[in-house]
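The lines below spell out each chain.
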Amino acid sequence: MKRLGIMGGTFDPIHYGHLVAAEMARAEFSLNKVLFIPSGTPPHKERSDITAAELRFEMVERAIQDNPAFEISALELRRIGPSYTVDTLRVLRRTWPEHELYFITGSDALRQIFSWREVEEILMMTKFIGAARPGFDARDFLLQVQKERPETQERIHYIEVPALAISSTDIRARVKRGQPIRYLLPEPVRLYIQQHGLYTAQVMSDKS
Ligand code: ATP
Ligand code: MG
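What you see is a predicted model; the values in this text were computed from it and never measured.

Each value, and the rule that gives it
- Residues numbered from 1 in each chain as written.
- Chains lettered and ligands numbered in written order.
- Predicted model: local features only at pLDDT ≥ 70, side-chain atom pairs only at ≥ 80, totals over all residues.
- Heavy atoms only, no water.
- Axes fitted to C-alpha atoms, helices over the stretch in contact; angles between N-to-C directions.
- Helix = DSSP H or I, 4+ residues; strand = E, 2+ residues; numbered from the N terminus.
- Parallel < 35°, antiparallel > 145°, perpendicular 65-115°, else oblique.
- Left-handed = near helix turned anticlockwise from the far one by under 90°.
- Contact = heavy atoms within 4.5 Å.
- Nonpolar A, V, L, I, M, F, W, Y, C, P; charged D, E, K, R; others polar.
- Near = heavy atom within 4 Å.
- Polar contact = N/O pair within 3.5 Å; in protein donor to acceptor, adjacent residues only side chain to side chain.
- Areas by Shrake-Rupley, 256 points an atom, 1.4 Å probe, with all protein chains shown as cover.
- 1 Å grid on protein atoms, 1.4 Å probe; cavity = no way out; pocket = protein on both sides within 12 Å on 5 of 7 lines; lining within 4 Å.
- Sits in = over half its atoms within 2 Å of the grid points.

### Quick look at the packing of helix H2 (residues 53–64) against helix H8 (residues 187–196)
Here is step 1 of the chain: Viewed as axis vectors pointing N to C, H2 and H8 meet at an angle of 150°, and their least axial separation amounts to 8 Å. In terms of axis orientation, H2 runs roughly antiparallel to H8. Crossing handedness for the pair H2 and H8: right-handed. Only Pro188, Val189, Tyr192, Ile193 and His196 of H8 make contact with H2, whose side of the interface consists of Leu55, Glu58, Met59, Arg62 and Ala63.
Here is step 2 of the chain: A class-by-class count of the residues in the contact of H2 with H8 yields 7 nonpolar, 1 polar and 2 charged.

Quick look at the structure:
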């Protein structure tokens, strides 16, 4: 059985935190491939200023081009309306039948999974690899889960990755403030952000 890693996210923009987590998970779990799946319209749209899905997709393409084990999927991009992980996994199981699925998340996302739609179904379709993320220690969470739900024990794993306190939120704020983002994300992504004028304070034009 081959192993497919899945890295879902808004990727607004993609940064080294995502890439390091994916690469460490790939190596530690002998994943044959890691599929990056940028979200289309997020189900919990807490930000109204989210960058167009096509642009986020292109940034991911640029970020992963030099890793032969990384691939991108337009699965959620093309979906109209909100995307739920459970639906994405159903499609992936059909598309990659010879593969065992490993859903990679940061420790912040890992702590949320029991609130996800149809989590029982999700846990049957995929295993989880939670990657440590500064500020979000998930070990207590996992110990509690293992106590309350021993059947999930081999389904949810936790890995320590060299902690990168990088977030897309911080990168967007930096661009807005005119602070540097070099070395926080791959250079082709930084150039893309610059060329498209992403994350700069929007000058709202009320003159018509
Ligand atoms: P935002 O600040 O906009 O929420 P983000 O940096 O959290 O962006 P997302 O696109 O929300 O990035 O995250 C996609 C996935 O990557 C999530 O599972 C998240 O936990 C994980 N992730 C993001 N940053 C890191 C990091 N620095 N280390 C480990 N995992 C990360
Ligand atoms: Mg996030």
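That covers the picture; the talk isn't over yet.
### Comments concerning the site of ligand 1
Here is step 1 of the chain: Around ligand 1 sit 20 residues in total, of which His15, His18, Asp108, Ser168 and Thr169 are the nearest.
Here is step 2 of the chain: A distance of 2.5 Å is found between an oxygen atom of ligand 1 and a side-chain nitrogen or oxygen belonging to aspartate 108.
Here is step 3 of the chain: Leucine 164 places a main-chain nitrogen or oxygen 2.9 Å from a nitrogen atom of ligand 1.
Here is step 4 of the chain: Its free accessible area being 600 Å², ligand 1 has 87% of it covered by the protein chains.
Here is step 5 of the chain: Applying the majority rule of atoms within 2 Å of the grid points places ligand 1 in the largest pocket.
Here is step 6 of the chain: When contributions to the shell around ligand 1 are tallied by element, the ones reaching two or more residues are strand E1 (2–9), helix H1 (16–28), strand E4 (99–106), helix H4 (107–110) and helix H7 (168–177).
Here is step 7 of the chain: In terms of residue class, the shell around ligand 1 is made up of 6 nonpolar, 11 polar and 3 charged.

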